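Letter by letter, the chains look like this.
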Amino acid sequence: MVTTPVLPSDYLDLVSPLRAGGDLRGRIEAVHPETGDAATIVIRPGRGWRGHTAGQYVRIGVDVDGVRLWRAYSVTSPTNRSDGRITITVKAIPDGKVSNHLVRRVQPGTLIQLDQATGDFVLPEAKPAKVLYLTAGSGITPAMGMLRDTEFDDVVMVHSAPKPHDVIFRTDLHDLVADKKLRLTELHTDTDGMLDIARLGELVPDWAERETWACGPAGLLDAAEAHWTEHGVPERLHTERFRPTVVVTGDGGQVTFVATDKTVEADGATPLLDVGEEAGVLMPSGCRMGICFGCVTPLTAGAVRDLRTGEITEAGPDVLIQTCVSAAAGPCDIER
Ligand SMILES: Cc1cc2nc3c(=O)[nH]c(=O)nc-3n(C[C@H](O)[C@H](O)[C@H](O)COP(=O)(O)OP(=O)(O)OC[C@H]3O[C@@H](n4cnc5c(N)ncnc54)[C@H](O)[C@@H]3O)c2cc1C
Ligand code: FES
């Protein structure tokens, strides 16, 4: 009562933000530019940090223009980094709120919220004999986390980026090649064109024998999944997507955010998470692509459409929806 409306933990945060027992935080200690639009952010996690497995991602909560926004980023540091710090590597995308803030504006010393690492895009305990990393653009980040963490006898990477200077971690990759720890094919799509997955065998003749981790734009991953399935080896391919694949849209409707008492028009393609944030409603979120369940919210009236499958969910008692992959399917009420 003495400290109301500020909680005692808020005072503790002022003196010891990274202490054990509070919400997990991290302090940004350095920002290292990687390319013209990508940077590696060095984070000192608070005492409750339980570590990560190579390939996993963390959700971070960052204040951008006074609004706390959550996004997911792959950990790019190895698990045994001696100073206990972790890194994420962020590529600024056009109009991206958090990515531009992290790449261009955030200052060392900034405190962020941090979740424990999660995700099953990881290396298996038993080392595969042959590995392929198939990556493009910022999709190189989880693969770099793995490359830095675990050495294999035979590892190949096929990485695409528009131009040589767009290749994130280019120097580190070339150092690994010089040390004979990696065989690398770098494709520069501005001059070489996009990778035609049907011709992967020309670059990596034994690709079908390799345990493969692929991360990049939806086009690359869709093509890879089809290719591996067609050749009868889908179990050898592991993929990580940074955005949900939207397959179905339909008519939208009027969305009412009941707790905030706001009603807005929404189309049938925009996730309700974006609709709410745009309207100034406080919306919980995490991965923004349907995997973490950090955005679940009661649907109290109307119906929504799952953008990944087209499935319609109607309101009812205890009906929860993932706002990051659901769009209005007619008028609906959301308990936010
Ligand atoms: C498991 C996981 C791991 C991830 N790891 C990384 C990583 O290591 N490095 C990294 O840079 N990003 C990573 N991402 C993507 C990251 O979480 C954000 O989506 C990205 O930084 C864009 O956020 P933003 O706030 O800048 O864009 P927003 O302001 O949310 O979006 C701006 C515009 O860009 C579009 N958009 C949103 N996300 C993307 C995207 N990924 N690519 C292209 N367009 C997009 C939106 O539809 C919107 O039109 C990861 C995502 C997931 C789910
Ligand atoms: S934000 Fe992760 S499931 Fe919606």
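Conventions used here
- Residues numbered from 1 in each chain as written.
- Chains lettered and ligands numbered in written order.
- Predicted model: local features only at pLDDT ≥ 70, side-chain atom pairs only at ≥ 80, totals over all residues.
- Heavy atoms only, no water.
- Buried < 20%, exposed > 50% of the residue type's maximum accessible area, 1.4 Å probe, protein only.
- Helix = DSSP H or I, 4+ residues; strand = E, 2+ residues; numbered from the N terminus.
- Contact = heavy atoms within 4.5 Å.
- Near = heavy atom within 4 Å.
- Polar contact = N/O pair within 3.5 Å; in protein donor to acceptor, adjacent residues only side chain to side chain.
- Areas by Shrake-Rupley, 256 points an atom, 1.4 Å probe, with all protein chains shown as cover.
- Phe/Tyr/Trp six-rings, centres within 6.5 Å; stacked < 30°, edge-to-face > 60°.
- Lys NZ or Arg CZ within 6 Å of the ring centre and 35° of its normal.
- Pairing = 2+ DSSP bridges.
- Axes fitted to C-alpha atoms, helices over the stretch in contact; angles between N-to-C directions.
- Core = buried A, V, L, I, M, F, W, Y, C linked by side-chain atoms within 4.5 Å.

(A) Quick peek at helix 2 (residues 97–105). Of the positions making up helix 2, those classed as buried are Val98, Ser99, Asn100, His101, Leu102 and Val103. In this structure, the buried residues of helix 2 make contact with strand 1 (25–35), strand 2 (38–45), strand 3 (57–64), strand 4 (67–74) and strand 5 (86–91).

(B) Region of the structure containing the site of ligand 1. Surrounding ligand 1, one finds 22 residues, the nearest of these being Arg71, Ala72, Tyr73, Ser99 and Arg243. Measuring from an oxygen atom of ligand 1, one finds a backbone N or O atom of Ser74 at 3.2 Å. In this structure, Ser99 approaches ligand 1 through a side-chain N or O atom, which is 2.6 Å from an oxygen atom. Protein chains bury 79% of the 910 Å² of accessible surface belonging to ligand 1 in isolation. For the shell around ligand 1, the elements supplying multiple residues, two or more each, are strand 4, strand 5 and helix 2. The dominant element in the shell around ligand 1, judged by the number of residues it contributes, is strand 4, at four residues.

(C) Representation of the packing of aromatic side chains within the structure. One pass over the structure, following the stated rule, counts two aromatic pairs. When the centroid spacing of 4.6 Å and the interplanar angle of 65 degrees are considered together, the rings of Trp207 and Trp228 count as edge-to-face. Placement of the pair is Trp207 in the loop between helix 6 (200–203) and strand 10 (211–215) and Trp228 in helix 7 (residues 218–230), with a sequence separation of 21 residues. Taken individually, Trp207 and Trp228 each receive the classification buried, so the pair is uniform in this respect. The lysine or arginine in question, Arg59, covers the ring of Trp70, its NZ or CZ lying 4.9 Å from the ring centre. For Arg148, the ring lying beneath its charged end belongs to Phe169, and the centroid distance is 4.8 Å.

(D) View of the sheet that holds strand 11 (residues 237–240). Ordered in space as 9-8-7-10-11, the five strands form an open sheet in which the pairing is parallel. The strands lining the two open edges of the sheet, one partner per strand, are strand 9 (183–188) and strand 11. Pairs of neighbouring strands in the sheet enclose a mean axial angle of 10 degrees, with direction left out of account. Bridge count for strand 7 (residues 131–136) against strand 10 is five bridges, and the pairing is parallel.

(E) Region of the structure containing the nonpolar core. If you look at the biggest cluster of nonpolar residues, it comprises 24 residues, and the most contacted ones within it are Val58, Ile60, Ile88 and Leu102. Of all elements in the fold, only strand 2, strand 3, strand 4, strand 5, helix 2 and strand 6 (111–114) reach the threshold of two or more residues within this core. The element that contributes the greatest number of residues to this core is strand 3, accounting for four residues. The next biggest cluster of nonpolar side chains, apart from the first, holds 23 residues, and it includes Met144, Ile168, Leu173 and Trp213.

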